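Observations on chain architecture
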Protein chains: 2
Amino acid sequence: MSQTVDRALSILPLLAEGPADLGGVAERLGVHKSTALRLLRTLHEHGLVYRQSDQRYRLGARLISLAQEAMENLDVREIAHPHLVRLNEQVGHTVHLAVHEEDEVLYIDKVESRYPVRMYSRIGKPVAITVAAVAKLLLADLPENERRSVAEQLDYPMYTARSTPNADGFLKELAKVREQGWATDLGGHEESINCVAAPIRGADGRVVAAMSVSAPNVVVTAEELLTLLPLVRRTADAISGEYSGRTPVKEVTA
Amino acid sequence: MSQTVDRALSILPLLAEGPADLGGVAERLGVHKSTALRLLRTLHEHGLVYRQSDQRYRLGARLISLAQEAMENLDVREIAHPHLVRLNEQVGHTVHLAVHEEDEVLYIDKVESRYPVRMYSRIGKPVAITVAAVAKLLLADLPENERRSVAEQLDYPMYTARSTPNADGFLKELAKVREQGWATDLGGHEESINCVAAPIRGADGRVVAAMSVSAPNVVVTAEELLTLLPLVRRTADAISGEYSGRTPVKEVTA
DNA sequence: TGATGCGTTGCAATATCTGCAACGACCATT
DNA sequence: AATGGTCGTTGCAGATATTGCAACGCATCA
C-alpha cells in the first residue's frame, strides 16, 4: 500500500539470504542506486540492517532483539513454559511449543532433551509445515475452506520416504488429526526422529498453539514414544485451561 | 532519511511493548489514523505485524523468522557452535556466545547447562551491558574515544550491590579487561551467578565475539569457576584461529 | 433507537520520493 | 605514477506517491 515502505521492507528478506552491497540491493529491488541507498540508510538508523566493515549490508541486531521481544509478548508462551519444563523433567526428551500465523508455523519455545543425542531445531525457526506434528494440529483446526486453500498452496518436499507427498494426502492427514485430537510425525521430517503432539486451545475452543515431544529412534522407539501421549495431552489440556481462564477470548495467533 | 519508511519502522519498537490498536499507533506516531493504517497494512503484508482477532496489532511471525535467519548468517556463530558444545560437554555449565553491534551486545548462541539449576537468558536478548563479562570484553576492544563515549551514554542499573555503578568504574574495569584479555562477572547481574569469559578475535586482532561460561553459586563457587578460565580461553582461541583462517579480514559485527 | 467509538475509503493538495548526472574515493592494472 | 573501472555518495528538478481531511459503515452500548 505504501510504495516506499514496501520497497524498504523487501530489502529485509533479501538480506536474510546473506550480505549484499548497494548495487546488488538496488538491482534486486529494481530501483536506482540512490534510492536503494536512502532506503538502506533509513533501515540502518533503525538498526534493522547493519553495515559490515566491508561496507556490505546485512540484517542488524535490532531485528533480532525485536523478534525476541515479540516472542516474549506471546501470552501462550509465558503460560505454557513452566508446563513444558515440567514435562521435560518427566520424560527427558525435547519439548516444543509452536504457533501458526499467516502461512507459517513456528517454534516459540523449546526445552532441550536431557539425552546426549539431540534433535536440531531452533526457536523462531519455521517448522516443516507439511510433516511436523504441531503443524498438523494447528492447520487441522482451520475452517475447511482455508485448510483446503492452504494445503493446495504448499510445497511438499520429500524429506524422507514417509513425508506427506501432496495436498490430498495432507488434507486426509489433517482430517484424521482433527478428529483424534492429537498428531504424530513418525520419521516424516528426519528418518530417525519421531514426535507426538497435542493442541492447546483458547476459551472459544480454537487451537492457539501446539506442543510436542520429540525423540530420536536411538533413544526410544516410536511405540515407546506413543505411550507418552496421555501425558502430553494432559499437559496441553492444563495449559489450555490456564490460558482460557486468564484471557477473555481475544489475543494471539489464529 | 525517508519519512514514510522512518515512520513505518518506528511502529515496530512501539508494538514490541505490547499490542496496540490503530488509534494508539497513530497517536504515538503523531500522524493521522489513515496514515497509520496504511503503514500498518504495508507492514502487515510483509508479515512484520500481525492482526490479532481483537483487531489490535502486534509484531508478526515473519519478524521472528527473519531474525532467525539473520543469526544463522553470522559466520562466527557457525564456526563457534561445535566448540561451544564441546566446552559444555566438558564443564557442564551454560555456555554463551555474544556479539556487539551499534549500542547493543547480544547473545547469539547458547548451550544449556546440564545442571538442573539454570541461569535465565535467551538467544537474541540484549545482555546487561554494564556488567556482563562478554560485554566487557567486546567494549574493551573499542578504540579509547569510542569506549569513553559509549561508557558515558550508558545507564548503570544496580542489579546487585556488585554491579558496575557508573561510567568511571566501567572504564576502569574495561581497561583491566583489555589488559588481561579475559573478563568475569561475579554476581554483578544476579547475586548468585558468576561468569568467566574470553574474547574471540578476527584475523586483524580485533574482538569479533566473546564467549562465557556461567554457573550459579549453588553449583560451583566463584573460585572453582575461575579454574575453568584456561579452558575457556583455549576454546576461544581455537575459535579465533578457525575464524580468522577462514575469513580474509572482512565480515561480521565490529 | 440514538449515540459514541473505531476502522475504513476517496479525494485534492502538496510534500516527498525518485532517477539522473556528476563527483569523489578507492582499487587494480599497466 | 597514471589510467580506467567500480562503487558509494550528493544536489536537484520533475513527477508521483503520501498525507490529512471529511464522510461513511459498522459495531457496541445506553
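Residues numbered from 1 in each chain as written. Chains lettered and ligands numbered in written order. Predicted model: local features only at pLDDT ≥ 70, side-chain atom pairs only at ≥ 80, totals over all residues. Heavy atoms only, no water.

1. Focus on the relation of the copies chain B and chain A
After a rotation of 180° and a shift along the axis of 0.0 Å, chain B superposes on chain A with an RMSD of 0.1 Å. Taken together, the rotation angle and the small translation identify this as a two-fold axis. The rotation axis passes nearest to the C-alpha of Val5(B) in chain B, at a distance of 2.4 Å. Looking at the interface residues of chain B, 100% of them are also at the interface in chain A, so both copies use one shared face. (Least-squares fit on C-alpha atoms with pLDDT ≥ 70 in both. Contact = heavy atoms within 4.5 Å.)

2. Focus on empty space enclosed by the protein
This structure, assessed with the given rule, holds four cavities of 30 Å³ or more. Taken as a whole, the largest cavity spans an internal volume of roughly 100 Å³. What lines the largest cavity is a set of 15 residues, and nearest its centre among them are Ala70(A), Leu74(A), Arg58(B), Leu59(B) and Ile64(B). In terms of residue class, the lining of the largest cavity is built from ten nonpolar, three polar and two charged. Of the voids in this model, the second largest cavity is the one considered here, and its volume is about 50 Å³. Sorting the residues of the lining of the second largest cavity by element identifies strand 2 (57–59) and helix 4 (61–72) of chain A together with strand 3 (94–101) and strand 4 (104–111) of chain B as the ones contributing at least two each. Taken together, the residues that form the lining of the second largest cavity break down as eight nonpolar, one polar and two charged. (1 Å grid on protein atoms, 1.4 Å probe; cavity = no way out; pocket = protein on both sides within 12 Å on 5 of 7 lines; lining within 4 Å. Points joined across faces, edges and corners; volume = space filled by probe spheres on them. Nonpolar A, V, L, I, M, F, W, Y, C, P; charged D, E, K, R; others polar. Helix = DSSP H or I, 4+ residues; strand = E, 2+ residues; numbered from the N terminus.)

3. Brief notes about the interface of chain B and chain A
The interface is formed by 66 residues belonging to chain B together with 66 residues belonging to chain A. Summed over the shared surface of chain B and chain A, the number is six salt bridges. A salt bridge links Glu104(B) to Arg62(A); the shortest N-O distance between them is 3.9 Å. Taken together, chain B and chain A are joined by eleven residue pairs in polar contact (both at pLDDT 80 or more). Among the secondary structure elements, those contributing two or more residues to the side of chain B that touches chain A are helix 1 (3–16), helix 3 (33–45), strand 2 (57–59), helix 4 (61–72), helix 5 (75–91) and strand 4 of chain B. (Salt bridge = Lys/Arg side-chain N within 4 Å of Asp/Glu carboxyl O. Polar contact = N/O pair within 3.5 Å; in protein donor to acceptor, adjacent residues only side chain to side chain.)

4. Quick word on the protein's contact with DNA strand D
Lining the immediate environment of DNA strand D, one finds 20 residues, of which Gln3(A), Thr4(A), Leu37(A), Arg41(A) and Thr35(B) sit closest. Restricting attention to atoms of DNA strand D within 4 Å of the protein, one finds that 70% of them are sugar or phosphate atoms. Separating a phosphate oxygen of DNA strand D from a side-chain N or O atom of Arg7(B) is a distance of 3.3 Å. A distance of 3.2 Å is found between a base nitrogen of DNA strand D and a side-chain nitrogen or oxygen belonging to Arg38(B). Elements represented by at least two residues in the surface near DNA strand D include exactly helix 1 (3–16), helix 2 (22–29) and helix 3 (33–45) of chain A together with helix 1 and helix 3 of chain B. Element by element, the count of residues in the surface near DNA strand D is highest for helix 3 of chain A, at four residues. Classifying every residue of the surface near DNA strand D gives four nonpolar, ten polar and six charged. (Near = heavy atom within 4 Å.)

5. Brief notes about the domain arrangement of chain A
When cut into domains, chain A gives domain 1 (3–66) and domain 2 (74–246). Centre-to-centre, using C-alpha coordinates, domain 1 of chain A lies 34 Å away from domain 2 of chain A. (Domains from an automatic or database assignment.)

6. Re the protein's contact with DNA strand C
Neighbouring DNA strand C are 20 residues; Thr35(A), Gln3(B), Thr4(B), Leu37(B) and Arg41(B) lie closest to it. In DNA strand C, the atoms that sit within 4 Å of the protein are 67% sugar and phosphate, with bases accounting for the remainder. Taking Arg7(A), its side chain carries an N or O atom lying 3.1 Å from a phosphate oxygen of DNA strand C. Here a phosphate oxygen of DNA strand C and a backbone polar atom of His32(A) are 3.3 Å apart. Of all elements in the fold, only helix 1 and helix 3 of chain A together with helix 1, helix 2 (22–29) and helix 3 of chain B reach the threshold of two or more residues within the surface near DNA strand C. Tallying contributions element by element places helix 3 of chain B first for the surface near DNA strand C, with five residues.

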